[in-house]
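As a plain string of letters, each chain reads:
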Amino acid sequence: MHIVVCMKQVPRDNSVKLNADLSINADGIEKIINLFDEYAVEEGIAWNEKHGGKLTVLSMGNADWTEQIRRALAMGATDSLLLSDPAFTNTDTLGAARAVAAAIRKLGDVDLVITGRNSTDDESGAFAPALARHLGWPQITYVGKIQDVDPAAKSITAERNLETVVETVQSPLPAVVSVIKDINSPRYPSLLKIKRVAKIEPPVWSAADLGLSAADLAPAAALSARVPAPARPSGEMITGADAAAKVTALVNKLLENQVI
Amino acid sequence: MLDLTAGYGMFLSDEHEMLRRTVRDFAEREVAPHIRTWDRSGGEHTEGPEDRPHIRPILKRMGELGLLGICIPQKYGGAGMDYLALAVVCEELERVDSFLRVVISVHTGLNSLSLFQWGSEEQKQRYLIPQAKGELLAGYCLTEPNSGTDAVAMQATARRDGDAYILNGEKIWISLADIADTFLVIAKTDPTKGARGISAFIVERTMPGVSSYPLHGKLGMRAGNTGGLVLQDVRVPLANRLGEEGEGFKIAMAALDNGRYTVAAGATGLIQASLEASLKYAEERHSFGGPIADHQLVKRMISHMVRKLDTSRLLVYRAGWMKNQGQRNTRETTLAKWHATVSSFECADDAIQIHGAYGYSDEYPVERYLRNARGGIIYEGTRELQELLQADFALGRRINPPLRCELPAYDPTEWGG
């Protein structure tokens, strides 16, 4: 079977600097695999080891963002694909999903897409649902465990960890799955594989390769302003002659406000 | 923050960078959160075998990751990377704690590389392969209670008896003494012949007459295991003699060319850790109306750390490059070891100074760096021995004649698999 893991590359948190307009300064940022996508990579590798076939790690970004892709290959992905084009620079979640959907359709034989529940930079959490919608495939989100993937029966059974319940969901393949933290423990790159993948250049597909125009990739929503969040008002200090007086004043205040 | 390992493209490639990131992730995730507790656990004087619960599991993890056979060809169970990769592993491990690097020094540098250099094919099959895979852990036994730098004064003996040798003696300051499965033991086969009467043996812990005991209360390296090894009428088969009879001193010294290299690389990692801690703290702590990083005498300590970091790293990588080429590197390795270990102690000391009173407590890691750094100025060749060696090389009083078995040059095709 052919599994695709969508892996976003995000800034290592301590490497981020802000521009004067509070946007992120992209220069000198160290890229890492988005936390939740690392679990997706591990999950993809584990099912690929079980069923064989291909595991393609797919990422979007600058043409030289290859280090983390190689890292996923050294963990055990069998193939890689980088979507890179100046036209992708300002895409929003919807545009990114449109581009990735086009790439998955172009790959042709994909049975299962796994990705993280959200990215740790933009935090929209909408990528997996948007991708499923573009592909017209079922989506299983917030997955804490994949019970089974059956390539012959073309079905997947997975547990969704919701706020108060765990749902077990069965779906036909192909499907899009988004995983949560702690679904597994991601492995380290294998030293044996590091040697093999260190010089691999992933294939790069542009917007034209995907048949996408600038209009397809234009953000649906536009940023109009970016200002610091209002500061939280500070708390009120209770004063009093001694501890007993302070406690009495505090309790009276809590009663007044119907807190107790 | 400044990338302290950037700019070494003349030595390192992308695979070294991936390796560095992998080892750093491992050390930061699996060791750093626990290291203060592990370090404290080694301060107690206790009787009996080493049973501190963190030691075996973390060694097992290092084996699983392939770190223990990093620069051993894949056909011998290793990762098939080069000698510079060995340095990168040591830097990144000691950046978190020295005890991790010590494991690489004794298991990989002193023991496994000696088997790779001097061992028969049968010995490589039997010991090197499981050691490179981390299935067997290995130690190195040269120092004795009454002989250190003057190794030829050792008292351990190996008496030939038919198709075996009978070993007797005591070795001390042995890293992994209570943990390792096999030891490279240096002993006298002919006490009348000085350095030429010394031979090397592969001794298994399970051989009757082998026992060990732990040492506690060391100044540093408290998270690891150091101890003594007692050999009492231990019958070691002839097949377990490494090299020829009388070749043991050369083997022991050649082993140190590799052990010292790992110590030098590790000390470089310790310098980097001291610098990183200092950079962070100097921006956080304020005095006289600004961060202490604004003060010139703090800046001086930082700039000296940077100088020592880069010079140590360059010396280490030069020695590693020479190993890759198959060139004899005793002079370059001992220079790197001398400079990097002495510098690491000075940098840890300055790091404490920058941290002020906080640096004097274990609330911050820098006091541990200082304690750990001190040992490197003693073991695997004292500072004083390295000084004498450098002078003798410069004066032409010391040359290194070719060895019967040189450390194999790195061969990317042959080693890869």
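Predicted model only: the values in this text are computed from it and were never measured. Each residue is numbered by its place in its chain's sequence as written, counting from 1. Here every chain gets a letter starting at A, and every ligand a number starting at 1, in the order they are written. Thresholds applied to this predicted model are a pLDDT of at least 70 for local features of residues and 80 or more for the giving and counting of side-chain atom pairs; totals over whole chains, interfaces and linings are not thresholded and use all residues.

**Some words on the overall build of chain B**
Phase 1 of the analysis: Helix and strand labels come from DSSP, where a helix needs a run of H or I of at least four residues and a strand needs a run of E of at least two; each type is numbered from the N terminus. Tallying secondary structure elements over chain B gives 12 helices and 10 strands in all.
Phase 2 of the analysis: Here the C-alpha radius of gyration of chain B, 21 Å, is about what a compact globule of 417 residues would show, namely 22 Å.
Phase 3 of the analysis: With respect to the principal axes defined by its C-alpha atoms, chain B has extents near 80 × 50 × 45 Å.
Phase 4 of the analysis: Residue burial is a threshold on neighbouring C-beta atoms within 10 Å of the residue's own C-beta, all placed from the backbone, with 20 or more meaning buried, 12 or fewer meaning exposed, and counts in between meaning partly exposed. Within the span of chain B, comprising 417 residues, buried residues form 52% of the whole.
Phase 5 of the analysis: In chain B, the proportion of contacts linking residues at least 24 apart, taken out of those at least 6 apart, comes to 75%. This radius of gyration counts C-alpha atoms alone. The globule rule is 2.2 Å times how many residues there are, raised to the power 0.38. Here, residue contact means that the backbone-derived C-beta atoms of the two residues sit within 7 Å.

**Quick word on the overall build of chain A**
Phase 1 of the analysis: Helix and strand counts for chain A come out as seven helices and 13 strands.
Phase 2 of the analysis: C-alpha extents for chain A along the principal axes are approximately 75 × 45 × 40 Å.
Phase 3 of the analysis: Residue burial in chain A is summarised as follows: out of 260 residues, 39% are buried.
Phase 4 of the analysis: Pairs at least 24 apart in sequence give 69% of the contacts found in chain A among residues at least 6 apart.

**Overview of the domain arrangement of chain B**
Residues and elements named next belong to chain B.
Phase 1 of the analysis: The source of the domain bounds is an automatic or database domain assignment. Examined at the domain level, chain B breaks down into domain 1 (14-137), domain 2 (139-247) and domain 3 (250-416).
Phase 2 of the analysis: With 29 residues of domain 1 in contact, the opposing surface of domain 2 contributes 25 residues.
Phase 3 of the analysis: Among the elements that take part in the side of domain 1 that touches domain 2, helix α5 (residues 98-118) stands out by supplying nine residues, more than any other.
Phase 4 of the analysis: Each residue belonging to the side of domain 1 that touches domain 2 can be placed in one class, and the counts come to 14 nonpolar, nine polar and six charged. Gly is placed with the polar residues, together with every amino acid not listed as nonpolar (Ala, Val, Leu, Ile, Met, Phe, Trp, Tyr, Cys and Pro) or charged (Asp, Glu, Lys and Arg).

**Observations concerning the pairing of strand β3 (residues 164-175) of chain B**
All names here are of chain B.
Phase 1 of the analysis: Pairing of strand β2 (residues 157-161) with β3, which is carried by five bridges, proceeds in the antiparallel orientation. Note that in β3 the partner of Arg160 across the bridge is Tyr165.
Phase 2 of the analysis: Where β2 folds back onto β3 in an antiparallel hairpin, the turn is made up of two residues, including Gly162, whose phi is positive at roughly 65°.
Phase 3 of the analysis: The pairing of β3 with strand β7 (residues 226-237) spans nine bridges and is classified as antiparallel. Between any two strands, pairing holds if DSSP finds at least two bridges.

**Section: the interface of chain B and chain A**
Think of interface size as the accessible area that goes away when the parts come together; that is how it is often given.
Phase 1 of the analysis: Opposite the 16 residues of chain B that make contact, chain A presents 12 residues.
Phase 2 of the analysis: Of the residues forming the side of chain B that touches chain A, the biggest block, seven residues, is contributed by helix α1 (residues 14-30) of chain B.
Phase 3 of the analysis: Grouping the amino acids of the side of chain B that touches chain A by side-chain chemistry returns seven nonpolar, six polar and three charged.

**Details of the UniProt feature "domain: Acyl-CoA dehydrogenase/oxidase C-terminal" (unreviewed entry) in chain B**
Phase 1 of the analysis: UniProt positions are given in the numbering used here, feature names are shortened, and annotations may be inferred rather than shown by experiment. Per the UniProt record, "domain: Acyl-CoA dehydrogenase/oxidase C-terminal" (unreviewed entry) is found at residues 246-389 of chain B.
Phase 2 of the analysis: Between the first and last C-alpha atoms of residues 246-389 of chain B the distance is 23 Å; the span itself is 79% helix and 3% strand.

**What about the sheet that holds strand β8 (residues 112-116) of chain A?**
Two orientations exist for strands paired in a sheet by backbone hydrogen bonds: parallel and antiparallel.
Residues and elements named next belong to chain A.
Phase 1 of the analysis: Spatial strand order, β11-β10-β9-β12-β8-β1-β6-β7-β13: nine strands in an open sheet with mixed pairing. At either margin of the open sheet sits one strand with a lone partner, and together these are β11 (166-172) and β13 (204-205).
Phase 2 of the analysis: Across the sheet, helix α1 (residues 35-51) is in contact with β1 (2-6), β6 (54-60), β8, β9 (139-150) and β12 (175-179); its angle to β8 comes to roughly 150°. Angles here are taken between N-to-C directions and fall from 0 to 180 degrees, while the axes themselves are lines fitted to C-alpha atoms, restricted in helices to the stretch in contact.

**Brief notes about unusual backbone geometry**
Phase 1 of the analysis: Look at the link from Leu173 of chain A to Pro174 of chain A: it is a cis peptide, with omega at 0°.
Phase 2 of the analysis: Take Pro174 of chain A: it is sitting in the loop between β11 and β12.
Phase 3 of the analysis: Phi is positive for Asp182 of chain A, which is not a glycine, with a value near 70°.
Phase 4 of the analysis: Given 10 C-beta atoms within 10 Å, Asp182 of chain A falls into the exposed group.
Phase 5 of the analysis: Phi angles above zero are rare outside glycine, and Trp173 of chain B is one such case at about 60°.
Phase 6 of the analysis: On the neighbour-count criterion, Trp173 of chain B (19 C-beta atoms within 10 Å) is partly exposed.

**Topic: the UniProt feature "domain: Acyl-CoA oxidase/dehydrogenase middle" (unreviewed entry) in chain B**
Phase 1 of the analysis: With numbering aligned to this structure, UniProt lists the feature "domain: Acyl-CoA oxidase/dehydrogenase middle" (unreviewed entry) at residues 140-234 of chain B.
Phase 2 of the analysis: Across residues 140-234 of chain B, helical content stands at 0% and strand content at 49%; the span's end C-alpha atoms are separated by 16 Å.

**Notes on the packing of helix α4 (residues 83-96) of chain B against α5 of chain B**
Residue and element names in this part refer to chain B.
Phase 1 of the analysis: At a minimum axis distance of 6 Å, the contact between α4 and α5 shows a crossing angle of 150°. Between α4 and α5, the angle falls in the class roughly antiparallel. Across the interface between the two elements, Leu86, Val89, Cys90, Leu93, Glu94 and Val96 from α4 touch Ser98, Leu100, Arg101, Ile104 and Thr108 from α5.
Phase 2 of the analysis: Its residues assigned to classes, the contact of α4 with α5 comprises seven nonpolar, two polar and two charged. Oblique is the label for any angle not under 35 degrees, not over 145, and not in the 65 to 115 range, which are roughly parallel, roughly antiparallel and roughly perpendicular in turn.

**Describing the confidence of the model for chain B**
Phase 1 of the analysis: For chain B, the average pLDDT comes to 96, and 98% of its residues sit at 70 or higher.
Phase 2 of the analysis: Both scores are given for the predicted complex: the pTM is 0.89, the ipTM 0.83. In predicted models, pLDDT denotes the confidence assigned by the predictor to each residue on a 0 to 100 scale.

**Some words on the pairing of strand β1 (residues 138-141) of chain B**
Residue and element names in this part refer to chain B.
Phase 1 of the analysis: Going residue by residue along β1, you find Ala138 and Tyr140 tucked away on one face and Gly139 and Cys141 tucked away on the opposite face as well.
Phase 2 of the analysis: For β1 and strand β4 (residues 182-188), the ladder comprises four bridges, and the chain directions are parallel. In the strand pairing of β4, Gly139 is matched with Phe183.

**Points about the nonpolar core**
Phase 1 of the analysis: The biggest cluster of nonpolar side chains holds 189 residues, and the ones touching the most others in it are Val5, Val100 and Leu131 of chain A together with Leu167 and Phe201 of chain B.
Phase 2 of the analysis: The leading source of residues in this core is helix α7 (residues 248-284) of chain B, at 18 residues.
Phase 3 of the analysis: Not counting the four nearest positions on each side in its chain, Leu131 of chain A is found in contact with Ala97, Val100, Ala101, Val113 and Val176 of chain A. Remark: nonpolar core denotes a set of buried Ala, Val, Leu, Ile, Met, Phe, Trp, Tyr and Cys residues whose joining runs through C-beta atoms within 7 Å.

**Some thoughts on the packing of helix α9 (residues 330-359) of chain B against helix α11 (residues 383-395) of chain B**
Residues and elements named next belong to chain B.
Phase 1 of the analysis: Relative to each other, α9 and α11 sit at 140°, their axes nearing to 9 Å. With respect to α11, the axis of α9 lies oblique. The element α9 and its partner α11 pack so that their crossing is left-handed. Side by side, α9 and α11 meet where Arg331, Thr334, Leu335, Lys337, Trp338 and Val342 of the first sit next to Arg383, Gln386, Glu387, Leu389, Gln390 and Phe393 of the second. Crossing handedness: left-handed means the near helix sits turned counterclockwise from the far one by under a right angle, and right-handed means the same turn made clockwise.

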